[in-house]
Amino acid sequence: MAVTVLRVPQLPFLLVSMLRLWLLTPANTLEITDRGAPQLICSKGLADCHMSSASLYNAAIPDPEVTMDVTRVELKVILCCSDRKDCEPCLQINITIHEMDNANEVSGESGDLSDEEERSAMRQLTEGSNQFATPEPRALVKVCHSFPGSFEQCKGLWFRPSYPLLKPTHELLLTDKVMFGSPVVVQVYTNSKNMHIHNITAPSLEEICSLNLEGIVKECDAPRVRAVTDHTRDVVVLQLDNTTQEALMFQMFWNEMPGKVVEWPTSQREMVISLDSIAPCLCFQAWWKGKPLRRESCPFKNQQEIRERMQRNVSVSMMEAQEREGSTVLSWNVTAPCRLEAEVWLCKKDSGSECDEVMGSRQKLDNHAHAGWRATRNGHWKTGEFNMSSHPLLCIKMKVHGMMSHLEPHCPFAISQWRWSLPLLISLLLMCLAILGVYLVQGIFKGYVWRWLKEDDVKGAVGGGHVVLLYQPDGGQALPGLMCRLGSSLQALGFSVSLDLWSQAELSLLGPVPWLHSRLDRLKRQGGKVVLVLTQAAWIKAQEWGTQSWERCTSRERKQDMEEGAEKTYPASPCVDVFSASLSCILADYLQGRAGERFMLVQFESFPPEPPGECHALPELFRGLHVYSLPSQSLGFLTELAGARRMATASARRRRAGGIRMASRALAQGLSGFTAGSTVLRLAGMSQDCVGIGAEDSWENVLLQPCLTTPPSTPESTSKVNEMEWV
């Protein structure tokens, strides 16, 4: 086997040691040396130092002439750098040797070989190589080292002691490369009988990088994350110091309990975490994607504020449990975001708010990894037990180390007032619901009874009369619908109602005037009123009709007609509709001194009459008739329709008045959907309830027209016509 000998320059050992000390870093004891320094350095007194590849077996290389004894082997891991950059881990082996005085032993052993044989053996070793500076090395030290997963490597350290010897002890310094975190086994010996075996583990990359060597060790380049607490927003802002565009991975840990690995958004330099999620044991790890080194930071480890916040999320509970032997114990459970150093104990609640400790029950909780804590995604929990039975006054208390206050006592066996008050409350609630149900049923029943009884009262108060509804068509559809609603509402209140819209067939057969007089005859028998709706069309019609009547009649004709009275047979009326026929009857009633006995006016608030021109004075034909605005004056309207009745007792009068009021509310409610407007015509200088007549005018001289077929109610009233005034 060929032996390769590597020549190394010989430097004074003291100078090299001074160079190494000059390159010491202040970070702990890790040394930094120049990568260009010799791999093998011999102390003063040794010459021709060089290395050769060797084997673990002695037969591979010749035995040295000078025997050295290894007295001490020291291993040290240093950093080999190029101008303090791109540093790599190196193993430095410092070997102390001592020259042995056994010349006789050496000569005896070597006497079997002649000088020629020794020179022949050395010639075989150096065949094919011209690098031997010293053809006859006199001393040899073998060094072998091995790494996990690799073959063992051996080197021969050759040197020649200088004579005369200044001192018998010498040192050899060998430097070789190692890997981060790798264990190394080193074997050093001079012969097979004298072997030194030493072990050393190189620091891991994380340990070396923890010495703040980012600019020296290239592998220590890792992202750095800082945590800044923002109390205004109640959050923690994680800020990334590095500005590179490389993909960055991020992970959180709670007491070595890993969270989810997430990728830091490339477009952001900050991440926000709620302050309620922060705990003293929370740590962050950040690393570049695809690189092994992770930088860890635990910024909240010693912050009192975070400890106090964490105490809000700490809870302790207790329950009664039964062991296999049948005995009963109290099992407690503590949950917290982190492992805690705390104490739990039992206490007995007195009549007040104090809870006295049960002596001998105090138990301690440690926060180290082997203290029995179990980690989950929601935090950590730990269990224990008290050898005691449950009692209503027995509670559990807890105090976290470093906190001034205790957790509130947890009393799971206390007899809660809700245990007996809840059934009472449920019973009370059911009783209230029963009373409310009875009240509702009673109210509904009472409503039906009221409807049955009060309907008779309402009909008895206002019903029995006959109402004739007349209006002047205006070409619209709203007014006929409103007339039908008014007629239906009056029928529901007990009135019998006649409406020309409902009697079209009879009108076509009889004609307007006979149909009207048939209704007036029924009204005379049953009592009631003829109701004319005051609209703009009715206003214009009354004015036109009055003007035409004044042009056709003379004072003489009117007097003659009044004298002949009942003996005269009236000719056919020139009127063409029921409303015009009613105007003649209104005039006849006035001339006979009974204006307003059979006729009345109503106006709907949603269809107010708009008189032509600027004059708002009521047509003279309508003066003396009561005017009601519906639905606001429904009470007065129904009171006049019902008429006056004699009541024997005061209770009967009150009952009738109440019935009329209820009927008026029902009528107003029935008309409210059609009379949503609130505009009401205000007649200048006249009352809304009763519109009277002013000064005497030409109406006193107007005679009844031939179409006025209604005879006077009393013959005596004829002589008083010329003396009547508007009242």
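What counts and what doesn't
- Residues numbered from 1 in each chain as written.
- Predicted model: local features only at pLDDT ≥ 70, side-chain atom pairs only at ≥ 80, totals over all residues.
- Heavy atoms only, no water.
- Pairing = 2+ DSSP bridges.
- Helix = DSSP H or I, 4+ residues; strand = E, 2+ residues; numbered from the N terminus.
- Axes fitted to C-alpha atoms, helices over the stretch in contact; angles between N-to-C directions.
- pLDDT = per-residue confidence, 0-100.
- Contact = heavy atoms within 4.5 Å.
- Core = buried A, V, L, I, M, F, W, Y, C linked by side-chain atoms within 4.5 Å.
- Buried < 20%, exposed > 50% of the residue type's maximum accessible area, 1.4 Å probe, protein only.
- Polar contact = N/O pair within 3.5 Å; in protein donor to acceptor, adjacent residues only side chain to side chain.
- Disulfide = S-S within 2.5 Å.

Asks: Would you explain the sheet that holds strand β20 (residues 315–322) in this entry?
Replies: Each strand in a sheet pairs with its neighbour through backbone hydrogen bonds, running either in the same direction (parallel) or in the opposite one (antiparallel). Judged by pairing direction, the sheet is antiparallel, and its four strands sit side by side in the order β20-β21-β26-β25 without closing on themselves. Each edge of the open sheet carries a strand with a single partner, namely β20 and β25 (374–376). Recorded for the sheet is a direction-independent mean angle of 30° between the axes of neighbouring strands. Pairing geometry for strand β21 (residues 328–336) and strand β26 (residues 379–386), over seven bridges, is antiparallel.

Asks: Would you mind showing me how to read the confidence of the model for the protein here?
Replies: Where the model shows low pLDDT, its predicted coordinates should not be examined in detail. In this model, the protein carries a mean pLDDT of 75, and residues with pLDDT of at least 70 account for 71%. Strand β1 (residues 5–7) is the least confidently modelled element of the protein, averaging 35 in pLDDT, while strand β24 (residues 363–365) averages 94, the highest of any element. Overall, residues 103–134 carries pLDDT values under 50, and its contacts beyond four positions in sequence, including any with other chains, amount to 24 contacts. Segment residues 565–575: pLDDT under 50, and 14 contacts once partners within four positions in sequence are set aside and those in other chains are kept.

Asks: Mind showing me how you'd approach the nonpolar core here?
Replies: Most often, soluble globular proteins keep nonpolar side chains buried together rather than apart. Grouped together as the largest cluster of nonpolar side chains are 31 residues, with contacts concentrated most on L470, V530, L532, I586, F599 and F622. Only β28 (466–470), α9 (512–526), β30 (528–533), α10 (536–552), α12 (578–591) and β31 (599–604) provide two or more residues apiece to this core. A per-element tally of this core places α12 first, with nine residues. Counting 29 residues, the second largest nonpolar core, distinct from the first, contains C42, M68, V141 and L174.

Asks: Can you walk me through the side chain of R339 in this structure?
Replies: By secondary structure assignment, the location of R339 is in the loop between β21 and β22 (342–349). Look at R339 and you get buried, because its relative accessible area is 15%. Among the polar contacts made by the side chain of R339, one reaches the side chain of E256 at a distance of 3.3 Å. Residues in contact with R339, not counting those within four places in the same chain, are N255, E256, N367, H368, A369, W373 and H380.

Asks: Would you take a moment to explain the environment of H368 for this structure?
Replies: As for its position among the elements, H368 is in the loop between β24 and β25. Along the backbone, H368 and N255 are 113 residues apart, and their C-alpha atoms lie at a distance of 9.2 Å. Beyond its immediate chain neighbours, meaning those up to four positions away, H368 contacts R339 and W373. Polar side-chain contacts of H368 include one of 3.2 Å to the backbone nitrogen of A371.

Asks: Could you clarify how one ought to interpret the state of the cysteines in this entry?
Replies: According to the stated counting rule, one finds nine disulfides in the structure shown. Linked covalently through their sulfurs, C80 and C90 form a disulfide whose S-S length is 2.1 Å. A residue pair is termed long-range when its members are at least 10 positions apart, and C80 in strand β5 (residues 68–82) and C90 in strand β6 (residues 85–99) qualify at ten residues. With a sulfur-sulfur separation of 1.9 Å, C395 is cross-linked through a disulfide to C411. Taking the torsion about the sulfur-sulfur bond, which here is approximately 105°, the covalent link between C395 and C411 counts as right-handed. With C395 in strand β27 (residues 394–400) and C411 in the loop between β27 and α6 (418–462), this residue pair connects regions lying 16 residues apart in the sequence. Residue classification places C395 among the buried residues on the basis of a relative accessible area of 1%. Accessibility expressed as a relative area gives 23% for C411, which makes it partly exposed.

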